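If you want the building blocks of each chain, they are given just below.
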Amino acid sequence: MPPANRRRVPRIGFASLGCPKALVDSERILTTLRAEGYEISATYEQADLVVVNTCGFIDAAVDESLETIGEALQRNGRVIVTGCLGARPERILERHPRVLKVTGPQTHAEVIGAIHEHLPPQHDPFLDLVPPQGVRLTPRHYAYLKISEGCNNSCSFCIIPALRGRLSSRRIDEVLGEAERLAAAGVKEILVISQDTSAYGADIRYAFGSWRDNQYRTRFIDLARALGTLGIWIRFHYVYPYPHVDEVIALMAERRVLPYLDIPFQHASPAVLKRMRRPAHAQDVLARIRAWRQQCPDLTLRSTFIVGFPGETEAEFEALLEWLDEAQLDRVGCFKYSPVEGAAANDMADHVPPEVQEERYTRFMERAARISARRLQRRIGQRLRVLVDSADEHGAVARSEADAPEIDGVVRIQGGTGLRAGEWADVEITASDVYDLHARLAGGTAREASGHRATKRA
Ligand code: SF4
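Residues numbered from 1 in each chain as written. Predicted model: local features only at pLDDT ≥ 70, side-chain atom pairs only at ≥ 80, totals over all residues. Heavy atoms only, no water.

S.K.: What am I meant to see in unusual backbone geometry here?
M.R.: With glycine set apart, most residues show a phi of negative sign, and most peptide bonds adopt trans. Even without being a glycine, aspartate 350 presents a positive backbone phi close to 55°. With respect to the secondary-structure elements, aspartate 350 resides in the loop between β15 (331–336) and α12 (354–377). With a phi close to 75°, glutamate 406 is a non-glycine residue in the positive phi region. Relative to the assigned elements, glutamate 406 resides in the loop between β17 (395–399) and β18 (411–414). (Helix = DSSP H or I, 4+ residues; strand = E, 2+ residues; numbered from the N terminus.)

S.K.: Would you take a moment to explain the sheet that holds strand β5 (residues 101–102) for this structure?
M.R.: Hydrogen bonds along the backbone pair up the strands of a sheet, which may run parallel or antiparallel. Read from one edge to the other, the open sheet built from five strands follows the order β2-β1-β3-β4-β5, with strand pairing classed as parallel. At either end of the open sheet lies a strand with only one pairing partner, and these are β2 (39–41) and β5. Sheet topology places strand β4 (residues 79–83) next to β5; two bridges connect them, and they run parallel. Paired with valine 81 across the strands is valine 102, a residue of β5. In the packing of helix α4 (residues 108–118) onto the sheet, the strands contacted are β1 (11–16), β3 (49–54), β4 and β5, and the crossing angle to β4 comes to about 175°. (Pairing = 2+ DSSP bridges. Contact = heavy atoms within 4.5 Å. Axes fitted to C-alpha atoms, helices over the stretch in contact; angles between N-to-C directions.)

S.K.: Please clarify how the site of the ligand should be interpreted in this entry.
M.R.: The local shell around the ligand consists of Cys151, Asn153, Cys155, Phe157, Cys158, Ile160, Pro161, Gln195, Tyr240 and Arg278. Considered class by class, the residues forming the shell around the ligand number seven nonpolar, two polar and one charged. (Near = heavy atom within 4 Å. Nonpolar A, V, L, I, M, F, W, Y, C, P; charged D, E, K, R; others polar.)

S.K.: Which parts of the structure should I look at to understand a negative patch on the surface?
M.R.: Where like charges cluster on the molecular surface, the negative patch consists of Asp59, Asp63, Glu64 and Glu67. The class of glutamate 64 is partly exposed, set by a relative accessible area of 43%. (Patch = residues over 30% accessible without salt bridge, like charges linked within 9 Å, V, L, I, M, F, W, Y side chains within 5 Å. Areas by Shrake-Rupley, 256 points an atom, 1.4 Å probe, with all protein chains shown as cover. Salt bridge = Lys/Arg side-chain N within 4 Å of Asp/Glu carboxyl O. Lys, Arg positive; Asp, Glu negative; His and termini not counted. Charge placed at Lys NZ, Arg CZ, Asp CG, Glu CD. Buried < 20%, exposed > 50% of the residue type's maximum accessible area, 1.4 Å probe, protein only.)

S.K.: I tried to follow the confidence of the model for the protein on my own but got confused; where do I start?
M.R.: As a general rule, the predicted coordinates of low-pLDDT regions are not to be interpreted in detail. Summary statistics for the protein give a mean pLDDT of 88 and a share of 91% for residues scoring 70 or more. Here residues 124–129 scores under 50 on pLDDT; set against residues more than four positions off or in separate chains, the count is twelve contacts. For residues 444–458, every residue scores under 50 in pLDDT, and the model assigns this stretch 43 contacts once sequence neighbours within four places are set aside. (pLDDT = per-residue confidence, 0-100.)

S.K.: Looking at this structure, I do not really get the pairing of strand β10 (residues 208–211). What am I missing?
M.R.: In regular strands, side chains alternate between the two faces of the sheet. With burial as the criterion, only one face of β10 is covered, namely that bearing Gly209 and Trp211; the residues Phe208 and Ser210 on the opposite face remain uncovered. As paired strands, β10 and strand β11 (residues 214–217) are joined by four bridges and run antiparallel to one another. Across the sheet, serine 210 pairs through a bridge with glutamine 215, a residue of β11. Hairpin remark: β10 followed by β11, antiparallel, with two residues in the connecting loop; positive phi at arginine 212, about 50°.

S.K.: For this particular structure, what's the right way to read the side chain of threonine 103?
M.R.: In this fold, threonine 103 is placed in the loop between β5 and α4. A polar contact is formed between the side chain of threonine 103 and the side chain of threonine 82, at a distance of 2.9 Å. What threonine 103 contacts, discounting residues up to four positions off in sequence, is Val81, Thr82, Gly83, Gly86, Glu110 and Val111. (Polar contact = N/O pair within 3.5 Å; in protein donor to acceptor, adjacent residues only side chain to side chain.)

S.K.: In this structure, what is going on with the pattern of salt bridges? I would like to understand it.
M.R.: For side chains of opposite charge, pairing can occur when their charged atoms come near one another. Taken as a whole and assessed by the stated rule, the structure comprises 39 salt bridges. Residue arginine 164 is joined to aspartate 25 by a salt bridge in which the shortest nitrogen-to-oxygen separation is 3.4 Å. Highlighted residues: arginine 164 in helix α5 (residues 160–164) and aspartate 25 in helix α1 (residues 20–35), separated in sequence by 139 residues. According to the relative accessible area criterion, aspartate 25 is buried, its value standing at 13%. The salt bridge involving aspartate 389 is made with arginine 399; its shortest N-O contact spans 2.7 Å.

S.K.: Even after reading the chapter, I still don't get the packing of aromatic side chains, so can you show me in this structure?
M.R.: Each aromatic ring pair is specified by the distance between its two centres and by the angle formed by the two planes. Going through the model one piece at a time under the given rule, you end up with eleven aromatic pairs. Put simply, the rings of Phe265, Phe305, Trp323 and Phe364 touch in pairs and so form one group of aromatic residues. (Phe/Tyr/Trp six-rings, centres within 6.5 Å; stacked < 30°, edge-to-face > 60°.)

S.K.: What should I look at first to understand helix α11 (residues 314–327) in this one?
M.R.: It helps to recall that an α-helix has 3.6 residues per turn; residues three or four apart then point in one direction. Spanning 14 residues, α11 covers 20 Å between terminal C-alpha atoms, matching the ideal 20 Å at 1.5 Å per step. Among all positions in α11, only Glu316, Phe317, Leu320, Leu321, Trp323, Leu324 and Ala327 are buried. For α11, the angular spread of the buried residues around the axis is 160°, confining them to a single face. Facing away from the buried side of α11 by more than 90 degrees, the exposed set consists of Ala315, Glu322 and Glu326. (Expected span 1.5 Å × (residues − 1). Arc of directions from axis to C-beta.)

S.K.: In this structure, what is going on with the side chain of serine 148? I would like to understand it.
M.R.: Within the fold, serine 148 resides in strand β7 (residues 148–149). Of the residues examined, serine 148 reaches a relative accessible area of 1% and is grouped as buried. Residue contacts for serine 148: discarding those within four places in its chain leaves Leu167, Ser168, Ser169, Arg170, Ile193 and Ser194.

S.K.: Where do I start with the packing of α11 against α12 in this structure?
M.R.: When two helices pack together, their arrangement is given by the angle between the helix axes and the distance between those axes. Look at α11 against α12: their axes get within 10 Å of each other, and the N-to-C directions meet at 10°. Looking at the two axes, α11 sits roughly parallel to α12. Two secondary-structure elements touch here, α11 through Glu314, Phe317, Glu318, Leu320, Leu321, Leu324 and Asp325 and α12 through Arg360, Arg363, Phe364, Arg367, Ala368 and Ile371. Among the residues forming the contact of α11 with α12, the class breakdown is seven nonpolar, no polar and six charged. (Parallel < 35°, antiparallel > 145°, perpendicular 65-115°, else oblique.)

If you want it as structure tokens, here you go:
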């Protein structure tokens, strides 16, 4: 029970929208607030003030953000807005003039300052305690680790550089310190995120930093080497196939980091890639993929694509399908192109009609599903170590090295009712479908397992 004379604790309601990078921003804000003695309210009604971290990536996300702000205003009345859509305050203020303050993305200090202004903190030693790893919005056993902000590319369909600015990398010692705290707090899987992981450190000339008595440079390969010593799953997202990525494949082959690469290819036709202003060449990439798989046969490749980009002809779309057949990617996501306010692609000629976009989307997803089903079928009979995400009376849902949370498939464990979230389990794959694997327990769980390097495939 709190002491009777203690003042009422200031309470913040929080809504976090958008991508994992925005989620990391939310976690940072929440960590600061908890450290300053604020309470986080489960409902808008019980809060003294609501913070909405918005997304402004595509028009649907803008609409969702504006609706969320409206709901918070209706149910609470005092709202501070931050995040990507905050970079365009006029969009917010014209619809919701009553919001207390609008700040843009990565404006941690500004958001906290606005909260202080409208709901001052109450310093209290009981409340100033915050776990050293911070407050996280993901389940306890995995966490996102953001290594940089912004992007130096200028893809014609994207406004992230305008919203989030140019590449700004966190120093490697700071990133590794955070990863170490996460691992010490029981996190079993770290998901490394940024807009362009391969470019990590280029903006700060790959600055040196020291961690655990070793010197590392702020760059992708050093980050992979150092994180690989933590003994937990390390998964890399948003990697561009620049030549130095080859060095990281060697670490994947040794299971220092997960043999998993999330590469947003977006298309394969050279003409479309040129219009998209993407820096990759599809043919070179196919050769690289072949070489990577030779070096690391278990490598899982995930990617996202855009179909129906302005000017995309049937022949260009067919080239994409053929490329997909060649590349045999394990995991594929697809978006129908939609204009984003402020993006260069909006002014391009020959926008693809929605019904053609829809038809191409369906054909693309059917092709990708066939590939996925075939590749998963090859896993039947294998023994895998998996990480349990949830369990109930019907069984457990886990993920293998090949499955990132939220975006990839899962491993459904029959009879895994005694398992707990965050536990390792050794399983034998018994069946597969289009996106998921089905398994039974093989020799019980592995509560003390130290991580992926213990993994062996039969
Ligand atoms: S790489 Fe292209 S799509 Fe990705 S954030 Fe940068 S500009 Fe946008």
